[in-house]
Amino acid sequence: MGAPLAPEKRLAVLAALCDGNSIRAVERMTGVHRDTVMRLGLAWGDGAQNLHNRVARGLSCSLIQVDEVWSFVQKKQARVTEEDGPDVGEAYTFTALDATSRFVLGWYVGKRNEESARAFMNDVRARLVVMPAMTSDGFAPYVGAIGAAFGPGIDYAMTVKNYGSKRPRRDDHRYEPPRDPFITKKTIFGAPNLDAASTAYIERNNGTMRHHVGRMRRLCQAFSKRLPSHRAAVALGYVHYNFCHVVKTLRVTPAMQLGIADSVWSLAELDAVLMTAGPCEGPEKQPLAPRAPETTARELPNGRGFLRVVGGGKGASPAPTPSPVAPAPVVAAPVEPLFDEKGQGNLLAWRPKGQLSLFPDG
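Residues numbered from 1 in each chain as written. Predicted model: local features only at pLDDT ≥ 70, side-chain atom pairs only at ≥ 80, totals over all residues. Heavy atoms only, no water.

Going by the annotation in an unreviewed UniProt entry, the name recorded for the chain is Transposase, with Polyangium spumosum given as the source organism.

Below, the structure is given as structure tokens:
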């Protein structure tokens, strides 16, 4: 058994991995052998999953965005043969993000199918205690997965981007979307607010995670060779994002915004917590409380939900007619006497102090 790695070396390896470097790049940068880097990565990944299972439970996230990120293990799906195992090929990362705090409350690595979507939604459902409003892209298995996990009472909307068929004929157009994509929003369950339905935050998070997890990038040599290593790297990346990454618009980390942490974690704190985090299973499903609506509402008794106040409708009462306003009483303006104290007449004394009148009374 070799000598234990110095703390400075361990933090250098952790920093290099969280910056999206490959295993061999970390070896060249830190001087630590790649086998040691792999063992540390697996240990940190297991600790990150246990830490997330311990803290990400009983959450009251009211607006959730979900999406999936493409990656692959060992080879791309088109190159997979019958001799390859089930772990080889595409490995999509399903992600759920709280739009208010940017906290990633759940992820799942698997194939892009209904089985993975259901496992992912069941995990997200077990971490919540409040019925959320949810938005996803046009991936069809989300409908059955969300309906089975949350029931038809959830406010769920889909946002679909209809890209045009005309592509610019340039060398860099392969991964470039159109400048003005047409977004279609539709209601799937409940009555979601379509104005607030969006996947912008989760798509921005996908780009951030491609930077911090090198195994999720396109057209590079940092892809995973085994599925357990890929899942460990994904877990480490998302836990580092939740506790160490400061969101520019919030000026705090997602965990601080959600109230789980009270400060920005350093790499030394993250290393200490991950290495000492014992095994922890995922949370069990709990009853969901109704979400407090953003609009005008009245809470029903016995915790049965909220009665939202909406305008119009068949049973709406007509608008009250304004009551007639009585005219203001006319107060006569003071009139000066026709004669002064000396008995001399004042011909203009009859004119009132207000507006001139051509035909004064009297």
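Here the narrative resumes.
*Asks:* Before we move on, could you go through the pattern of salt bridges and cite the residues and values that matter?
*Replies:* By the definition in use, this model includes 8 salt bridges. For Arg10, the salt bridge identified is with Asp271, shortest N-O distance 2.8 Å. Placement of Arg10 in helix α1 (residues 7-18) and of Asp271 in helix α9 (residues 267-276) is noted, with a sequence separation of 261 residues between them. Accessibility expressed as a relative area gives 10% for Asp271, which makes it buried. Close ionic contact of Arg118 with Glu114 constitutes a salt bridge, the shortest N to O distance being 3.1 Å. With Arg118 and Glu114 both in helix α4 (residues 114-126), this residue pair falls 4 residues apart, about one helical turn. The partly exposed category is assigned to Glu114, whose relative accessible area is 39%. (Salt bridge = Lys/Arg side-chain N within 4 Å of Asp/Glu carboxyl O. Helix = DSSP H or I, 4+ residues; strand = E, 2+ residues; numbered from the N terminus. Buried < 20%, exposed > 50% of the residue type's maximum accessible area, 1.4 Å probe, protein only.)

*Asks:* Can you tell me about the pairing of strand β4 (residues 92-98), naming the residues and giving the values?
*Replies:* When a strand is regular, its side chains alternate between the sheet's two faces. Within β4, 7 of the 7 residues are buried, leaving the element largely enclosed by the surrounding structure. Residues Tyr92, Phe94, Ala96 and Asp98 point to one face of β4 and Thr93, Thr95 and Leu97 to the other, with burial holding for every one of them. Bridging between strand β1 (residues 63-69) and β4 involves 6 bridges; their strand directions are antiparallel. Within β4, the position partnered with Asp67 by the bridge is Thr95. Strand direction decides the pairing type here: β4 and strand β5 (residues 104-110), joined by 6 bridges, are antiparallel. Its bridge partner lying in β5, Thr95 is registered against Trp107. Joining the antiparallel neighbours β4 and β5 is a turn of 5 residues, in which Arg102 adopts a positive phi near 65 degrees. (Pairing = 2+ DSSP bridges.)

*Asks:* Account for the packing of helix α7 (residues 227-244) against α9, with residues named and values stated.
*Replies:* The N-to-C vectors of α7 and α9 enclose an angle of 130 degrees; their axes lie 11 Å apart at closest approach. Comparing their axes, α9 and α7 come out oblique. Handedness of the crossing formed by α7 with α9: right-handed. Here α7 contributes Leu236, Val239, His240 and Cys244 to the contact with α9, which in turn contributes Leu267, Leu270 and Leu274. Broken down by class, the residue content of the contact of α7 with α9 amounts to 6 nonpolar, 1 polar and no charged. (Axes fitted to C-alpha atoms, helices over the stretch in contact; angles between N-to-C directions. Parallel < 35°, antiparallel > 145°, perpendicular 65-115°, else oblique. Left-handed = near helix turned anticlockwise from the far one by under 90°. Contact = heavy atoms within 4.5 Å. Nonpolar A, V, L, I, M, F, W, Y, C, P; charged D, E, K, R; others polar.)

*Asks:* An account of the side chain of Thr199 is requested, with residue identities and associated values reported.
*Replies:* Secondary-structure assignment places Thr199 in the loop between β8 (182-189) and α6 (200-212). When sequence neighbours within four positions are dropped, the list of residues in contact with Thr199 reads Gln65, Val66, Thr135, Ser136, Asp137 and Thr159.

*Asks:* Help me get a handle on unusual backbone geometry, residues and values and all.
*Replies:* Here Gln74, not a glycine, exhibits a phi torsion of approximately 70 degrees, which is positive. Within the fold, Gln74 resides in the loop between β2 (72-73) and β3 (89-90). Here the phi dihedral of Leu219 falls at roughly 55 degrees; this positive angle occurs in a residue that is not glycine. By the element assignment, Leu219 lies in the loop between α6 and α7. Overall, Leu219 belongs to the exposed group, its relative accessible area being 61%.

*Asks:* I'd love a proper account of the packing of α1 against α9, names of residues and values included.
*Replies:* Taken N-terminus to C-terminus, the directions of α1 and α9 make an angle of 95 degrees; their axes are 10 Å apart at the nearest point. With respect to each other, α1 and α9 are oriented roughly perpendicular. Between α1 and α9, the contacting residues are Arg10, Leu11, Leu14 and Ala15 on the first element and Leu267, Ala268, Leu270, Asp271 and Met275 on the second. Broken down by class, the residue content of the contact of α1 with α9 amounts to 7 nonpolar, no polar and 2 charged.

*Asks:* Which residues make up the packing of aromatic side chains, and what are the values?
*Replies:* Scanning the entire structure with this criterion turns up 9 aromatic pairs. Each member of the aromatic cluster is reached from another via a ring pair, and the members are Phe94, Phe120, Phe139 and Tyr142. Over the ring of Tyr92 we find Arg112, and its NZ or CZ is 5.6 Å from the ring centre. Above the ring of Phe223, the side-chain terminus of Lys225 is found at 4.3 Å from the ring centroid. (Phe/Tyr/Trp six-rings, centres within 6.5 Å; stacked < 30°, edge-to-face > 60°. Lys NZ or Arg CZ within 6 Å of the ring centre and 35° of its normal.)

*Asks:* Describe the sheet that holds β8, with residues and values.
*Replies:* Spatially, β5-β4-β1-β6-β7-β8 is the arrangement adopted by the 6 strands of the open sheet, whose pairing is mixed. Two strands bound the open sheet, and with one partner strand each, they are β5 and β8. Strand-to-strand twist of the sheet, defined as the mean angle between neighbouring strand axes without regard to direction, takes the value 20 degrees. Examined bridge by bridge, strand β7 (residues 155-162) and β8 share 7 bridges and lie antiparallel to one another. The residue bridging Thr159 from the neighbouring strand is Lys185, located in β8.

*Asks:* Could you give an account of the nonpolar core, with specific residues and numbers?
*Replies:* It is characteristic of soluble globular proteins that their nonpolar side chains tend to be buried jointly. Among the nonpolar cores identified, the biggest contains 70 residues, and Met121, Met134, Tyr142 and Phe150 are the most heavily contacted of them. Here Phe150 is in contact with Met121, Val124, Arg125, Leu128, Met131, Pro132, Met134 and Leu288, once residues within four sequence places are set aside. (Core = buried A, V, L, I, M, F, W, Y, C linked by side-chain atoms within 4.5 Å.)

*Asks:* Can you explain the environment of Arg127? Please cite residues and give values.
*Replies:* Its place among the elements puts Arg127 in the loop between α4 and β6 (133-136). Accessibility expressed as a relative area gives 1% for Arg127, which makes it buried. Separated by 22 residues in sequence, Arg127 and Leu105 have C-alpha atoms that sit 7.6 Å apart. When sequence neighbours within four positions are dropped, the list of residues in contact with Arg127 reads Gln49, His52, Asn53, Ala56, Arg57, Gly58, Leu59, Leu105 and Pro283. Here the side chain of Arg127 touches Asp123 through a polar contact of 3.1 Å, side chain to side chain. (Polar contact = N/O pair within 3.5 Å; in protein donor to acceptor, adjacent residues only side chain to side chain.)

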